[in-house]
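These are the residues of each chain, in order.
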Amino acid sequence: MGTLELREVSVSYGKRRVVAPFSELVASGEWLGVIGPNGAGKSSLLRAAAGLLASDGDVLVEGEKLSALSDRERAARVAYVAQDPLIPDDMTTFDYVLLGRTPYIGYFGNPTSRDRDVVAAVIERLRLGPFIDRLLGTMSGGERQRAVLARALAQEAPVLLLDEPTSALDIGHQQQAMELVAELRREQAMTVVSAMHDLTLAGTYTDRLVMLHEGDVVAAGAPADVLTADRLGEVFHVCVTVDVDPDDGAVIVVPRRGFPA
């Protein structure tokens, strides 16, 4: 339904290359996490994958090059949640989430009852019901971020790209958002690629991880293989303990006092 392939995708700003040629095949229904310290190239890679940033190489969904599609066609295949999106203060939550249905509404058309039903269902699942008629400018940062995620989910695209989707959320809403994405992935075989700072969330929800450092891939594989204390100390310059939950295999990264050797 939503196989995502990146073929030698690289990003440069002028003469400075921020993402080295990157190739990856993400199977339909798989969740790939992209981790790395600040400036590693995570956001640039996701923006290139979404077709929002000039890059070399090719991005394909189900074998179809995104560069050959119109904006509307691309939006029907790939939904993207930016790390710091522009949000109109004078729009209600419902109307903002309804923008996610744009790929399916003609230029001079009106939303159908199904469009409105999809939006209402996503708003309910993200517990935004009390804010459905509230102006976005009157809401907290976490509430607005949930609205941004709701808009992306309303697109019903087979591929979902998330750039730090839980950065403004408290721990409860972080878990709710991640559980919703995991649930939709299971139900609809949605393909997910997310850049994540929270390494425990990355180790809990993703199937595979890619670790970037200064634009290069320095590790890739199962979360338990990538998230080792030694590697995290080397790349992130932190001192941590890493445990694996014996029940569900979640990888838990706990900071501890001290400096890496």
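Now for a quick tour of the structure. (Residues numbered from 1 in each chain as written. Predicted model: local features only at pLDDT ≥ 70, side-chain atom pairs only at ≥ 80, totals over all residues. Heavy atoms only, no water.)

**Let's talk about the overall build of the chain**
Then, in step 1: Along the chain, the regular secondary structure elements total nine helices and twelve strands.
Then, in step 2: The C-alpha radius of gyration computed for the chain amounts to 19 Å, which stays within 12% of the reference 18 Å derived for 261 residues, consistent with globular compactness.
Then, in step 3: Structurally, the chain occupies a C-alpha span of about 60 × 40 × 35 Å along its principal axes.
Then, in step 4: Taken over 261 residues, the chain has a buried fraction of 48%.
Then, in step 5: Counted over contacts in the chain with a minimum sequence separation of 6, partners at least 24 positions apart contribute 64%. (Helix = DSSP H or I, 4+ residues; strand = E, 2+ residues; numbered from the N terminus. Rg over C-alpha atoms; globule rule 2.2 N^0.38 Å. Buried < 20%, exposed > 50% of the residue type's maximum accessible area, 1.4 Å probe, protein only. Contact = heavy atoms within 4.5 Å.)

**Considerations on the pattern of salt bridges**
Then, in step 1: Using the criterion set out here, one finds 13 salt bridges in the structure.
Then, in step 2: Residues Asp71 and Arg74 are paired through a salt bridge, measuring 2.8 Å at the closest nitrogen-oxygen approach. Here Asp71 and its partner Arg74 are both found in helix α2 (residues 71-75), three residues apart, which amounts to about one turn of the helix.
Then, in step 3: Residue classification places Arg74 among the buried positions, given a relative accessible area of 15%.
Then, in step 4: Taking the shortest distance from any N to any O, the salt bridge between Arg144 and Asp89 comes out at 3.1 Å. Of the two residues, Arg144 is situated in helix α5 (residues 141-154) and Asp89 in the loop between β6 (78-81) and α3 (93-98); the sequence distance between them amounts to 55 residues.
Then, in step 5: The buried category is assigned to Arg144, whose relative accessible area is 18%.
Then, in step 6: Counted as one network, the salt bridges with shared partners bring together Arg101, Arg114, Asp115 and Glu156. (Salt bridge = Lys/Arg side-chain N within 4 Å of Asp/Glu carboxyl O.)

**Thoughts on the environment of Gly63**
Then, in step 1: Residue placement: Gly63 occurs in the loop between β4 (56-61) and β5 (64-65).
Then, in step 2: Judged by relative accessible area, which is 59%, Gly63 ranks as exposed.
Then, in step 3: Taking C-alpha positions, Gly63 is 31 Å from Pro37, a pair spaced 26 residues apart along the chain.

**Considerations on the sheet that holds strand β1 (residues 4-13)**
Then, in step 1: If you walk across this open sheet you meet the four strands as β2-β1-β4-β5, and the pairing is antiparallel. Both outer strands of the open sheet, β2 (16-26) and β5, are each paired with one neighbouring strand and no more.
Then, in step 2: Strand direction decides the pairing type here: β4 and β5, joined by two bridges, are antiparallel. Its bridge partner lying in β5, Leu60 is registered against Lys65.
Then, in step 3: Together, β1, β2 and β4 form the strand contacts of helix α1 (residues 42-49), whose direction differs from that of β1 by roughly 120°. (Pairing = 2+ DSSP bridges. Axes fitted to C-alpha atoms, helices over the stretch in contact; angles between N-to-C directions.)

**Regarding the sheet that holds β6**
Then, in step 1: Reading across from one edge, β6-β7-β8-β3-β9-β10 is the order of the six strands in this open sheet, with mixed pairing throughout. Of all the strands in the sheet, the pair left with one neighbour each is β6 and β10 (216-221). The mean angle between the axes of side-by-side strands here comes to 15°, regardless of whether they run parallel or antiparallel.
Then, in step 2: As paired strands, strand β3 (residues 31-35) and strand β9 (residues 208-213) are joined by four bridges and run parallel to one another. Bridging from a neighbouring strand, Ile35 pairs with Met211 of β9.

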